[in-house]
Amino acid sequence: MPPEVTYCRPLLTPLVHFSSPVNHKYYRESKRMRFPGKKLIPLLVFILTSLSILRLLRLAITTSPSPPSYSSLSTLQNVCSSPSPSCITVPSYSSGTSKDLHKTSAATALTKKEFKLLSNLITSKAPCNLLIFGLEPQYLKLSKINARGITIFLEDDSNKIKANKRKVNSSQIFKVEYQRPAKDAYKLLKHARQNPACAPNSGLLQASKCKLALRHLPDEVYKHKWDVVVVDGPRGDMPEAPGRMAAIYTASMLARAGNAAHVVVHDVDRTIEKWFSWEFLCEENLVASKGKLWNFRITGQSNSTRFCPAKTILIE
């Protein structure tokens, strides 16, 4: 019986047809369709690179250095185990705008808990002799609490004085000048430690030879025995801005001139406020704190040669 050739051909035909020029043409067309994609790769890389460069340029332009505003300036918060000039490294001082000043005032204002601690202290002492370094709107409420006492504000900002002069009632506001910028804090601290003229028993502040003593304050400041002294001025948040070194030192001297007084320091999260509070008000005298507010009770020690016992000095 002859082989069934007719039966096999149909099977071979599709096989031959599968590799026919039609399929080869389809393969070449597919290959040509993918080929342009390879040419697009360098183009896509170029486009993406260009976009990245443009984005970096835009970022560099929007973040280019500009005069710092009060709201963005960092405070002296770099707390060191021991003071050194390298600890005080913050942006340069800038005068800022009125909008910036408003933001700064809001940022440095006492919190509700801080103000409650302070107002409770004044309420418990009123009527009393109250001296305040600084003139924030919140402190006007303290003068009302102490309406039958003596309240004196010491402020170096003329704008604040003009804005609040009519609101203080019977209280007094004096314009003062601070000669020492915050950047001199370390040198002044070193000077105070080495100079006997800065000791508690050095005599009257008006005649002091200590560089930290405020010798040109109004006579009313020196003649009264103060019950509470609040230090929340000057600004002290920039190296070139007036620092609170002399205010804290002078407050400690005024407090020691009486029988007992409270010295309240705000912004103790900042390096200078912390250093000088430890040095001249002493950790052992800290009786209360809330947030960034420390309350020290100072007993009369005007005859002492040291502000704090050696064992409690935290800065060496």
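Residues numbered from 1 in each chain as written. Predicted model: local features only at pLDDT ≥ 70, side-chain atom pairs only at ≥ 80, totals over all residues. Heavy atoms only, no water.

(A) Molecular detail of the overall build of the protein chain. Helix and strand counts for the protein chain stand at 10 helices and 7 strands. Put simply, the protein chain has 316 residues, and 41% of those count as buried. Of all intrachain contacts in the protein chain linking residues separated by at least 6 positions in sequence, the fraction that spans at least 24 positions is 68%. Surface summary for the protein chain: the accessible area is close to 18,600 Å², and the carbon and sulfur share equals 58%. (Helix = DSSP H or I, 4+ residues; strand = E, 2+ residues; numbered from the N terminus. Buried < 20%, exposed > 50% of the residue type's maximum accessible area, 1.4 Å probe, protein only. Contact = heavy atoms within 4.5 Å. Areas by Shrake-Rupley, 256 points an atom, 1.4 Å probe, with all protein chains shown as cover.)

(B) Structural detail: the sheet that holds strand β5 (residues 260-266). Here we have 7 strands laid out as an open sheet, ordered β3-β2-β1-β4-β5-β7-β6, and mixed in their pairing. Edge positions in the sheet fall to β3 (172-175) and β6 (286-290), since each has one partner strand and no second. Adjacent strand axes in the sheet meet at a mean angle of 15°, parallel and antiparallel pairs treated alike. Pairing of strand β2 (residues 150-155) with β3 involves 4 bridges; the strand directions are parallel. Looking at the pairing, Phe 153 lines up with Ile 173 of β3. (Pairing = 2+ DSSP bridges. Axes fitted to C-alpha atoms, helices over the stretch in contact; angles between N-to-C directions.)

(C) Representation of helix α4 (residues 112-125). Under the 1.5 Å per step criterion, the end-to-end length of α4 is 20 Å for 14 residues, consistent within 8% with the ideal 20 Å. Among all positions of α4, only Glu 114, Phe 115, Leu 117, Leu 118, Ser 119, Leu 121 and Ile 122 are buried. (Expected span 1.5 Å × (residues − 1).)

(D) Region of the structure containing the nonpolar core. By size, the foremost hydrophobic cluster in this structure holds 48 residues, and its most contacted members are Leu 131, Phe 133, Leu 154, Leu 212, Tyr 249, Val 263 and Phe 276. If one sorts the elements of this core by residue count, helix α9 (residues 245-256) sits on top with 9 residues. Membership of the second largest hydrophobic core comes to 21 residues, among which are Leu 110, Leu 117, Leu 121 and Leu 135. (Core = buried A, V, L, I, M, F, W, Y, C linked by side-chain atoms within 4.5 Å.)

(E) Quick look at the state of the cysteines. Tallying each qualifying case throughout the model produces 2 disulfides. The side chain of Cys 198 participates in a disulfide bridge whose partner is Cys 210; the two sulfur atoms lie 2.0 Å from each other. The sign of the S-S torsion, about 95°, decides the handedness of the disulfide formed by Cys 198 and Cys 210: right-handed. Taken as a pair, Cys 198 in the loop between α7 (185-194) and α8 (219-223) and Cys 210 in the loop between α7 and α8 lie far apart in primary sequence, 12 residues in all. Taking relative accessible area as the criterion, Cys 198 reaches 1% and is therefore assigned buried. The disulfide that involves Cys 282 links it to Cys 308, with 1.8 Å between the sulfurs. Here Cys 282 and Cys 308 share a disulfide; its torsion about the S-S bond, -95°, makes the bridge left-handed. Taken as a pair, Cys 282 in the loop between α10 (271-280) and β6 and Cys 308 in the segment after β7 (293-299) lie far apart in primary sequence, 26 residues in all. Classification of Cys 308 by relative accessible area gives buried; the value is 4%. (Disulfide = S-S within 2.5 Å.)

(F) Structural context of the pattern of salt bridges. Counted by the stated rule, this structure contains 10 salt bridges. A salt bridge links Glu 279 to Arg 193; its shortest N-O distance comes to 3.0 Å. Of this pair, Glu 279 sits in helix α10 while Arg 193 sits in helix α7; the two residues are 86 residues apart in sequence, bridging distant segments of the chain. The salt bridge involving Asp 237 is made with Arg 235; its shortest N-O contact spans 2.7 Å. With relative accessibility at 6%, the residue Asp 237 sits in the buried group. The exposure class assigned to Arg 235 is partly exposed, which follows from its relative accessible area of 22%. (Salt bridge = Lys/Arg side-chain N within 4 Å of Asp/Glu carboxyl O.)

(G) The arrangement of the packing of α7 against α10 in detail. Contact geometry for α7 and α10: axes closest at 11 Å, N-to-C directions at 5°. For the element pair α7 / α10, the angle class is roughly parallel. Residues Ala 185, Tyr 186, Leu 189, Ala 192 and Arg 193 of α7 pack against Ile 272, Trp 275, Phe 276, Glu 279 and Phe 280 of α10. Per-class residue counts for the contact of α7 with α10 are 8 nonpolar, no polar and 2 charged. (Parallel < 35°, antiparallel > 145°, perpendicular 65-115°, else oblique. Nonpolar A, V, L, I, M, F, W, Y, C, P; charged D, E, K, R; others polar.)

Honestly, that's just the spatial picture; any functional story needs more than this.
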